[in-house]
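Summary of the model geometry
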Amino acid sequence: MPRESSAAKARRVKEILAGLRKSYPEAHCELDHVNPLELLIATILSAQCTDKRVNVVTKELFKKYHSAADYANASLAEVEQAIKSTGFFRNKAKNIQACCRKLVERHGGQVPRTMQDLTHLDGVGRKTANVVLGNAFGINVGVVVDTHVARLSHRLGLTRQQSPEKIEQELMALVPQKQWTLFSHWLIWHGRRRCFARKPDCANCEIQKLCPRIGVLKQLNK
Ligand code: SF4
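Residues numbered from 1 in each chain as written. Predicted model: local features only at pLDDT ≥ 70, side-chain atom pairs only at ≥ 80, totals over all residues. Heavy atoms only, no water.

**Looking at the nonpolar core**
The biggest cluster of nonpolar side chains holds 38 residues, and the ones touching the most others in it are L40, I41, Y71 and C100. Of the residues forming this core, the biggest block, seven residues, is contributed by helix 2 (residues 36–45). Setting aside anything within four residues of it in sequence, one finds I41 in contact with L61, F62, Y71, I96 and C100. Membership of the second largest hydrophobic core comes to 27 residues, among which are V13, V145, W180 and W186. (Core = buried A, V, L, I, M, F, W, Y, C linked by side-chain atoms within 4.5 Å. Buried < 20%, exposed > 50% of the residue type's maximum accessible area, 1.4 Å probe, protein only. Helix = DSSP H or I, 4+ residues; strand = E, 2+ residues; numbered from the N terminus. Contact = heavy atoms within 4.5 Å.)

**Here's the deal with helix 8 (residues 126–136)**
Looking at helix 8, one finds that the buried residues are T128, A129, N130, V131, V132, L133 and G134. The inward-facing, buried residues of helix 8 contact helix 2, helix 7 (115–119), helix 10 (164–174) and helix 11 (180–193). Positive phi shows up at G138, right after helix 8, with a value of about 65°.

**Some remarks on the pattern of salt bridges**
Applying the stated criterion across every chain yields a total of 10 salt bridges. Between K63 and E60 there is a salt bridge, with the nearest N and O atoms lying 3.4 Å from each other. One end of the pair is K63 and the other is E60, both in helix 3 (residues 51–64) and three residues apart, which spans about a single turn. You can call K63 exposed: its relative accessible area is 55%. Classification of E60 by relative accessible area gives partly exposed; the value is 47%. The partner of E168 in a salt bridge is R126, and the shortest N-O contact between them spans 2.7 Å. Here E168 is found in helix 10, whereas its partner R126 is found in helix 8, with 42 residues between them in sequence. Under the relative-accessibility criterion, E168 is labelled buried at 4%. Shared partners join several salt bridges into a network, and the residues in it are E30, D51, R192 and R193. (Salt bridge = Lys/Arg side-chain N within 4 Å of Asp/Glu carboxyl O.)

And the structure:
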């Protein structure tokens, strides 16, 4: 890709945002939840697991456990059994219990609304905290960088960084803050519906004209 000036990149990002907004007006978090606690639990479960599978598991889980105290007081074996099919279930169950104990002890059973408080909870990193803040509270503190966001950011030539933390910083500098949560939904939706990991559907891509398709040709010729 020829070198792009900052002004040209800013213009291109603006057009990408407009294109994605038009393509996915209904984009939203695809983890089913009705309150911040449910979203927090679902996001912890979504590590190395599809949203679809998490939604199947939480449909039953949320009928059984309604509050942070419910998870904190449950038997660990029972929680493990309930979330088993999401993978890494022992670790996830341990984290959910420890996290919910802290919610009860330090936050009156409520999910806190700051990055600092959230990332002090067990099993909650910056990505999970961003999901909860953006989607449960409408607070844009950062950009969620999952596998789709990282892949599309590279292909679109928005970053060359590799670590999620550095990718996030570059995206935050390019995208207006009020769009951070939506932006990650748009990229995730585009990654799931068009810009697939193995064979991206570039021929039908809504933002093809704005995309340098970095790494895509090499990948398709493999
Ligand atoms: S043109 Fe291809 S690589 Fe670029 S965003 Fe669209 S599907 Fe992905």
